[in-house]
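Observations on the model geometry
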Amino acid sequence: MQEIRVFADYHTHTVYSHGRGSVRENIEAAINAGLEKIGIADHGYRHLGFGVRYENFDKMRNEIEKLKPEYREIDILLGVEANILDIEGRIDVDEHIRGLVDYVMAGYHFGSMPTHIVRGSINHALNYIKPLNHLSREYNTRALVNAMRRNDIFIISHPGAKASINLEKVAEAAIETSTALEINSSHGHLSLEELLRIKDTGVSFAIGSDAHRPQDVGNFTDALQRVEKAGIAHQQIINSRR
Ligand SMILES: [Zn+2]
Ligand SMILES: [Zn+2]
């Protein structure tokens, strides 16, 4: 039995979007959990309700720079969980935000404001209504694939959650663009069944807590159970080692 140790949590939320904790609280929780790196990745600004206010990205960068000298035992990174906005793969990260963050995650969320209001809203609706999910699979898949080709994305968050996709095609594009697919500990995706389908493609995975409270930072229990059942080796997971 291999013992997998996750050394970084790149997917944590704070009060800047809809998390409960402050940046400082997430950092302290990560240190207590024994992590070597903590990433703050709040929602992109086109997420209605949850998104970080555009001007707050500067504030977050400054806050992190101020906290770094106090917490030298851990690497503190600023990321963003961007929204995939359309079938062309646009995301809500512009040059300014790109210059402020250390990495970009991207995922599909219902609450994002699409670039093309009508087409995008129809697609949100199809994804929301379970019996109609298959009608939006092609759109969702192309949006994800194009997002990876068009942008430098570190990790695709919770692929398959909230939107039906052709996972094999997404994995192929992830390999081509050196993007990791997330095994999200809160959302159940990638699921065990999904992991089994694509693990032999050689695609890279990243484990994320998707913590919305400091006490969940570094909690990878659910993801690790799927990893173990799927028989995935630590070498295939970018933030784990033995
Ligand atoms: Zn998300
Ligand atoms: Zn998230």
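Here we summarise the structure given alongside this text.

About the thresholds
Residues numbered from 1 in each chain as written. Chains lettered and ligands numbered in written order. Predicted model: local features only at pLDDT ≥ 70, side-chain atom pairs only at ≥ 80, totals over all residues. Heavy atoms only, no water. Donors = N, O, S within 2.8 Å, 3.2 Å for Na, K, Ca; no water. Helix = DSSP H or I, 4+ residues; strand = E, 2+ residues; numbered from the N terminus. Buried < 20%, exposed > 50% of the residue type's maximum accessible area, 1.4 Å probe, protein only. Pairing = 2+ DSSP bridges. Tetrahedral: all angles 85-135°; square planar, octahedral: opposite > 155°, others 65-115°. Contact = heavy atoms within 4.5 Å. Axes fitted to C-alpha atoms, helices over the stretch in contact; angles between N-to-C directions. Salt bridge = Lys/Arg side-chain N within 4 Å of Asp/Glu carboxyl O. Expected span 1.5 Å × (residues − 1). Core = buried A, V, L, I, M, F, W, Y, C linked by side-chain atoms within 4.5 Å. Patch = residues over 30% accessible without salt bridge, like charges linked within 9 Å, V, L, I, M, F, W, Y side chains within 5 Å. Areas by Shrake-Rupley, 256 points an atom, 1.4 Å probe, with all protein chains shown as cover. Right-handed = clockwise from strand over helix to strand, strands pointing away.

**Structural notes on the coordination of the zinc ion (ligand 1)**
Listed as protein donors to the zinc ion (ligand 1) are Glu81 (OE), His109 (NE2) and His158 (NE2); their distances from the metal cover 2.2 Å. Sequence positions of the residues that donate to the zinc ion (ligand 1) give the spacing E-x27-H-x48-H. Between the zinc ion (ligand 1) and the zinc ion (ligand 2) the interatomic distance comes to 3.4 Å, and glutamate 81 is a ligand of both metals. Taken together, the positions of histidine 109 in the loop between β5 (103-107) and α4 (117-128) and histidine 158 in the loop between β6 (155-156) and α6 (167-176) put the pair 49 residues apart, joining distant regions of the chain.

**Some words on the pairing of β5**
Most of β5 is tucked away, with five of its five residues classed as buried. Side-chain alternation along β5 places Tyr103, Met105 and Gly107 on one buried face and Val104 and Ala106 on a second face that is also buried. Pairing analysis gives five bridges linking strand β4 (residues 75-83) to β5, with the strands arranged parallel. Residue valine 80 lies in a different strand from β5, and its bridge partner there is valine 104.

**Considering the environment of glycine 49**
Following the sequence through the fold, glycine 49 ends up in the loop between β3 (37-43) and α2 (56-67). For glycine 49, a relative accessible area of 76% gives the class exposed. Residues glycine 49 and histidine 18 lie 31 residues apart in sequence; the distance between their C-alpha atoms is 8.3 Å.

**A word on the coordination of the zinc ion (ligand 2)**
Distances from the zinc ion (ligand 2) to its protein donors, His11 (NE2), His13 (NE2), Glu81 (OE) and Asp210 (OD), fall within 2.1 to 2.3 Å. One way to put it: the four donor atoms around the zinc ion (ligand 2) meet at angles of 78 to 165°, and that makes the site irregular. Each donor residue of the zinc ion (ligand 2) lies on the same chain, and together they follow the pattern H-x1-H-x67-E-x128-D.

**Overview of the sheet that holds strand β7 (residues 180-184)**
A sheet is described by the order of its strands in space; here seven strands give the open sequence β2-β3-β4-β5-β6-β7-β8, paired in parallel fashion. Of all the strands in the sheet, just β2 (8-12) and β8 (205-208) have a single pairing partner and so form its edges. Packed on one face of the sheet, α2 meets β3 and β4 and runs near 165° to β4.

**Regarding the pattern of salt bridges**
Enumeration according to the criterion identifies 15 salt bridges in this entry. In this structure, arginine 61 and aspartate 102 form a salt bridge, with 3.3 Å as the shortest nitrogen-oxygen distance. Separated by 41 residues along the polypeptide, arginine 61 in helix α2 and aspartate 102 in the loop between α3 (95-100) and β5 bring together distant segments of the chain. Among the residues examined, aspartate 102 registers a relative accessible area of 41% and is labelled partly exposed. Residues aspartate 216 and arginine 213 are paired through a salt bridge, measuring 2.9 Å at the closest nitrogen-oxygen approach. Through salt bridges with shared partners, a single ionic network connects Arg61, Glu65, Lys68 and Asp102.

**Structural notes on helix α5 (residues 137-150)**
Here α5 is 14 residues long and its end C-alpha atoms lie 20 Å apart, about the 20 Å a rise of 1.5 Å per residue gives. Those residues of α5 that sit buried are Tyr139, Asn140, Thr141, Ala143, Leu144, Val145, Ala147 and Met148. In this fold, the buried residues of α5 make contact with α4, β6 and α6.

**Comments concerning the nonpolar core**
Among the nonpolar cores identified, the biggest contains 58 residues, and Leu181 and Phe205 are the most heavily contacted of them. In this structure, Ala8, Tyr10, Met105 and Ala206 belong to the second largest nonpolar core, which totals 10 residues.

**Describing a nonpolar patch on the surface**
A cluster of nonpolar side chains, Leu48, Met113, Ile117, Val118 and Ile122, forms an exposed patch at the surface whose accessible area comes to about 470 Å². Counting through the fold element by element, methionine 113 comes out in the loop between β5 and α4. Residue methionine 113 is classed as partly exposed on the basis of its relative accessible area, which comes to 32%.

**Concerning the pairing of β4**
Across a regular strand the side chains alternate sides, sitting on one face of the sheet and then on the other. Most of β4 is tucked away, with eight of its nine residues classed as buried. Pairing of β3 with β4 involves seven bridges; the strand directions are parallel. The partner of histidine 43 across the bridge, within β4, is glutamate 81. For the crossover that starts at β3, traverses α2 and ends in the parallel β4, the hand is right-handed. Read as a crossover between parallel neighbours, the route from β4 over α3 to β5 is right-handed.

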